[in-house]
Amino acid sequence: APSSGKALVTDGSGNLSFSSAGGLNLISTSTTSSGVSEIDITSGIDSTYNKYLISIINLHPASDATLRIRFFTGSGGSQAVDTASNYRNSMIGFRNDRSSEISHGSSAIGYFDAFNQNIGGGADDESFSANMFLVNPSSTTYDTIFHGEFAQVDDAGRIAHGIVGCRYLNTGNVITGIRFYMSSGNIDNAIIKLYGIS
């Protein structure tokens, strides 16, 4: 019998063997149901995988605000959040009132915007959810790409959805963690799952 997590695979020539199953591999789950200033994922991101999925489920801010993201570099006692102007991002989205296309871009700032429109914090049913991908965080050759798709209920009760792409400049330091925080106030509720993609 194979060990846990193994699957039957073929080499393309009719030979079968047990090997590591491909797909999503859950690494960690971060959950909060009370006000916190940030949610940090400081382990599980390394050279094991070239691509990671971060699934954000029902993130609800304490007050109307945008979700921001920063990266950790270093390891052990030297792990720290990078607040320097190494972040670039662009996004496009739409709201259900069809009032206008929402687009935004930024360069040389100290964080990523998940979206530049406020997530509603006034009602319990307002929230933000997304699937975001972190590409090759251990590379010291290429800039790291962080991209994904999101949906949220904004501060006027409208559903908005869109896509965002982010570029983190290669500074010679590998990414070892992620911080999620609001432009103002706390995070009241959120589930954030980290998966490695094999």
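Residues numbered from 1 in each chain as written. Predicted model: local features only at pLDDT ≥ 70, side-chain atom pairs only at ≥ 80, totals over all residues. Heavy atoms only, no water.

### Overview of the overall build of the protein
Then step 1. For the protein, the count of helices and strands is zero helices and 15 strands.
Then step 2. With the C-alpha coordinates aligned to their principal axes, the bounding extent of the protein is approximately 60 × 35 × 35 Å.
Then step 3. Taken as a whole, the protein presents about 9500 Å² of accessible surface, with 46% of it coming from carbon and sulfur.
Then step 4. Charge-centre separation for the protein: the mean point of 11 positive side chains lies 6 Å from the mean point of 17 negative side chains. (Helix = DSSP H or I, 4+ residues; strand = E, 2+ residues; numbered from the N terminus. Areas by Shrake-Rupley, 256 points an atom, 1.4 Å probe, with all protein chains shown as cover. Lys, Arg positive; Asp, Glu negative; His and termini not counted. Charge placed at Lys NZ, Arg CZ, Asp CG, Glu CD.)

### Considering unusual backbone geometry
Then step 1. Look at Asn58: it is not a glycine, yet its phi comes out positive at around 50 degrees.
Then step 2. Structurally, the position occupied by Asn58 is in strand 5 (residues 51–61).
Then step 3. Despite not being glycine, Ala108 has its phi angle at roughly 55 degrees, a positive value.
Then step 4. Mapped onto the elements, Ala108 comes out in strand 9 (residues 102–109).

### Structural notes on the sheet that holds strand 15 (residues 187–197)
Then step 1. One open sheet holds the eight strands; their spatial order is 3-15-5-11-12-13-8-9, and the pairing between them is antiparallel. Because the sheet does not close on itself, it has two edges, and the strands there are strand 3 (24–32) and strand 9. In this sheet, adjacent strand axes meet at a mean angle of 15 degrees when their direction is disregarded.
Then step 2. Judged from the seven bridges that link them, strand 5 and strand 11 (residues 128–135) form a sheet pairing that is antiparallel. Of the residues in strand 11, the one forming a bridge with Lys51 is Val135. (Pairing = 2+ DSSP bridges. Axes fitted to C-alpha atoms, helices over the stretch in contact; angles between N-to-C directions.)

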